Amino acid sequence: MAARRVGVSSWHRVLSLSGRCGRCSSTNTALGKTVENSEDAREEIVLPRRKTWDKLAVLQTLASTVKRDPTAAHYMFQDDPYLMPRNSATARLFSLAKESGRNAAKYIIKEFPHFFDKILAEPNIPSLMPEICTPQIEGVSEEALKERINLRMVKVSVDLFDQLLQAGTPVSLETTNSLLDLLCFYGDGESTQEKESKEKEDLEESEVNASEQETPKRPPQRGMNPSASRWRENNNAERIFKIMPERNAHSYCTMIRGMVKHGASAKAYDMYTELLNDRHKADVHTFNALIAAVPFLKDRFLERWELIKMFLNHMAQQEVQPNVRTFNAVLKALRRCGGVGRSMAVPVIKEMEALEIEPSLATYDHLLSIFYRTADLAPSGIISEVLDDVEKRSFTPQDPDDARFFISAMQVCCDLKDIKLAYRLNKAMEKGDNWKFLDMDRLNSYWSRFFSLLCMMEQIDVVLKWYKEMSPSLFYPSPKNILDLLQALDAANHLEVIPSVWEDMKQLGFSKRRDLLEELLSLMSRDQHPEEIQLAFAKCAEDIKTVHEQSGKDQAPVEWTGSALGSVTVVFSRAGRIQDAWSMMEHFQQINRIPTDLVMDEFLNCAKQTNSPDEAIKLVKLAASLGLPSSQKLQSRIEKEFELSEDQKKALESIQSDSDSSDDSDSDHD
């Protein structure tokens, strides 16, 4: 060790001497080159930078190890076992109930904040604490007005603004514009908090208001969007805008966007004209609102497109850079331009590419609506090109219409009956965070359409695999989905799965759907099956019989139809349940229906199989009482195929004589 240390120290001494000396021996030169090479090697080593992990990285890693449980309901229902939905209707009801509970809690906190003044959380997280919704600044001042505007107190803010004007206190342009923003956002109406308090007062005066007559509704005027809330004439926003001593571009843009949002498209266009006359420039959001209002300003398709081009030219003249919402507004307006929209949609997309603006999901949704608006259009390659782009990206929300894309695209796949496109779309939906665009209702609609397409185009094994994986974790089958599944089972001759489908129908609450019951019974009674399957069918028929017979306080019993009675009778007969079959036969006479020849033949076969000549004689008696011509045929079959006692023969002969006498009396009467 000592020798090694001496060697190392002498080596460093030699290196230091070789670096100081200008003249070196050949040995020292070689040593110097070695040191330079080693230093170069050290400089080439690049240390990795510190990895900055996301705050949710650990949770995301753990989540990736857990797979979805296909038998479990949606995660929002896991906390309360009493809110486990059975079908899509109850799922929607329960989700709305949970949201209503949250809103009720927020209302209590806002109405009674003094009960929640103690903060017990350690550590204190401000974002999780209740918001302070009561004004803290008293008096009439601009600061108090700003506070009430931030608290979204519409009526109080307007009253305080008027008090400031009456007192002669000038209000700054910035504060006035903030008040205009508030008024135009709520349409000169009330915020959510103020609406709740007003609804509470309305409930107390409901008896007085019930006696008043409603004013007749007037037809919507030109430039009014019927789906939006109404923009009242000479409202507070217009009044404040008119008395403003000075106005800037923000004032005009706020008024334009508020008018478009609340249906006053014609007024918005007039306001835009005033903005130009005052030599102001609109921002990109104002142009987006004006383009979206074009269908409510013009009737003819060409006039709409010319107006859109005018707004786009004004944007270029005012040097306003368009964004993705601009092109989405153009495409949304082109949806209402018929053939003009189809001819101009592709150039609009090319213009987006030229400006290097990436489309959002709403862009593709508008494209599909333009080219696949009607089912009789020839299938174009638009959706295939759209999926080529969507498959490569994980999207983030940029437009309120983004959430409609996946449902619209799946509907197009169903209209085209193209299962390959549907698989591609589903793969794109599961990529990254794209699945977040589907909330509870949209998710159920999306999978419902996908499943209907699977039942139509795929093999039955694939259909059943998807059915087990999707229900109920991803969607609750609708009655149409169950009907599609039954038809797929019929086409593939896999009717042995019907009992499990019936159990799902009961779980989903579809046991009283007449169309589903008719289809189910028709499939079970059409052909003869092995004994094991027939027994399972008979169990289903027994449940259906119970459904028809039971009735509660709030439930009306399901009425029997002739086809349903006949199918249940056939199923019972083939399973050898003669007594149950006969109870069904008696229902024919009770509801004034006539059994078919197939039903009576199957019942007679069952009576022969179970050696029940008494039930066979009852059948002949029933046929004779109904005046059926097949009673003679049934009687001859019984005489040939059954071993009858003397009493049974006499009973059979008495039925024949009674029928003959009734026929004679009818002929005499004629």
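Note that the structure is predicted; figures quoted are calculated from it, not measured. (Residues numbered from 1 in each chain as written. Predicted model: local features only at pLDDT ≥ 70, side-chain atom pairs only at ≥ 80, totals over all residues. Heavy atoms only, no water.)

A. How the structure looks around helix H15 (residues 324-334). Most of H15 is tucked away: nine of the 11 residues are buried. Listed as buried for H15 are Val324, Thr326, Phe327, Asn328, Ala329, Val330, Leu331, Ala333 and Leu334. Buried residues along H15 sit against helix H13 (284-292), helix H14 (301-317), helix H16 (338-354) and helix H17 (361-371). Near the N-terminus of H15, the side chain that reaches the backbone nitrogen of arginine 325, with its oxygen 3.2 Å away, is that of asparagine 323. (Buried < 20%, exposed > 50% of the residue type's maximum accessible area, 1.4 Å probe, protein only. Helix = DSSP H or I, 4+ residues; strand = E, 2+ residues; numbered from the N terminus. Contact = heavy atoms within 4.5 Å. Polar contact = N/O pair within 3.5 Å; in protein donor to acceptor, adjacent residues only side chain to side chain.)

B. Region of the structure containing H14. The end-to-end C-alpha separation of H14 is 25 Å, in line with the 24 Å expected for 17 residues at 1.5 Å each. Of all the positions in H14, only Arg304, Trp305, Leu307, Ile308, Phe311, His314 and Met315 are classed as buried. Here the buried face of H14 lies against helix H12 (265-277), H13, H15 and H16. Two residues or fewer after H14 comes glutamate 319, characterised by a positive phi angle close to 55°. (Expected span 1.5 Å × (residues − 1).)

C. View of a negative patch on the surface. Together, Glu639, Glu646, Asp647 and Glu653 line one region of the surface with negative charge. Here glutamate 646 is to be found in helix H32 (residues 646-669). (Patch = residues over 30% accessible without salt bridge, like charges linked within 9 Å, V, L, I, M, F, W, Y side chains within 5 Å. Areas by Shrake-Rupley, 256 points an atom, 1.4 Å probe, with all protein chains shown as cover. Salt bridge = Lys/Arg side-chain N within 4 Å of Asp/Glu carboxyl O. Lys, Arg positive; Asp, Glu negative; His and termini not counted. Charge placed at Lys NZ, Arg CZ, Asp CG, Glu CD.)

D. The packing of helix H24 (residues 498-508) against helix H26 (residues 531-549), seen in detail. At a minimum axis separation of 9 Å, H24 and H26 run at an interaxial angle of 25°. The pairing of H24 with H26 is recorded here as roughly parallel in orientation. As for how H24 packs across H26, the hand of that crossing is left-handed. Within the contact between the two elements, H24 uses Ile498, Pro499, Trp502, Glu503 and Lys506 and H26 uses Ala536, Phe537, Cys540, Asp543 and Ile544. Taken together, the residues that form the contact of H24 with H26 break down as seven nonpolar, no polar and three charged. (Axes fitted to C-alpha atoms, helices over the stretch in contact; angles between N-to-C directions. Parallel < 35°, antiparallel > 145°, perpendicular 65-115°, else oblique. Left-handed = near helix turned anticlockwise from the far one by under 90°. Nonpolar A, V, L, I, M, F, W, Y, C, P; charged D, E, K, R; others polar.)

E. Structural context of the confidence of the model for the protein chain. Of all residues in the protein chain, 83% have pLDDT values of 70 or greater, and the mean over the chain is 83. Taken as a whole, residues 1-35 scores under 50 in pLDDT and shows eight contacts with residues more than four places along the chain or in a different chain. Throughout residues 197-223 the model reports pLDDT below 50, and contacts reaching past four residues in sequence, or to other chains, amount to 14 contacts. (pLDDT = per-residue confidence, 0-100.)

F. Seen up close, the pattern of salt bridges. The full count for this structure, using the stated rule, is 31 salt bridges. For arginine 102, the salt bridge identified is with glutamate 99, shortest N-O distance 3.0 Å. In this pair, arginine 102 and glutamate 99 both sit in helix H4 (residues 88-111), three residues apart, roughly one turn of the helix. The partly exposed category is assigned to arginine 102, whose relative accessible area is 43%. By relative accessible area, glutamate 99 is classed as partly exposed at 36%. Between aspartate 484 and lysine 480 there is a salt bridge, with its nearest N and O atoms 3.0 Å apart. Of the two residues, aspartate 484 and lysine 480 both sit in helix H23 (residues 479-492), four residues apart, roughly one turn of that helix. Residue classification places aspartate 484 among the buried positions, given a relative accessible area of 13%. When salt bridges that share partners are traced, they join Glu503, Lys506, Lys539 and Asp543 into one network.

G. Spatial organisation of the environment of alanine 266. Along the chain, alanine 266 turns up in helix H12. When the C-alpha atoms of alanine 266 and leucine 290 are compared, they prove to be 9.9 Å apart, with 24 residues separating the residues in sequence.

H. Fine view of a nonpolar patch on the surface. Taken together, the side chains of Leu56, Val58, Leu59 and Leu62 define a hydrophobic patch exposed on the protein surface, amounting to about 410 Å² of accessible area. Locating valine 58 in the fold gives a position in helix H3 (residues 57-64). Owing to a relative accessible area of 60%, valine 58 belongs among the exposed residues under this scheme.

I. Molecular detail of the state of the cysteines. Counted according to the given criterion, the structure contains zero disulfides. Of all cysteine sulfurs in the structure, the one in cysteine 414 sits closest to cysteine 413, which takes part in no disulfide; the separation is 6.9 Å. (Disulfide = S-S within 2.5 Å.)

J. Seen up close, the environment of glutamate 458. When you line up the elements, glutamate 458 lands in the loop between helix H21 (440-457) and helix H22 (460-470). You can call glutamate 458 partly exposed: its relative accessible area is 25%. Once the C-alpha coordinates of glutamate 458 and alanine 488 are considered, the two residues, 30 residues apart in sequence, prove to be 8.9 Å apart. The contacts of glutamate 458, once residues within four sequence positions are left out, are Ile419, Tyr423, Leu453 and Val463. Polar side-chain contacts of glutamate 458 include one of 2.7 Å to the side chain of tyrosine 423.

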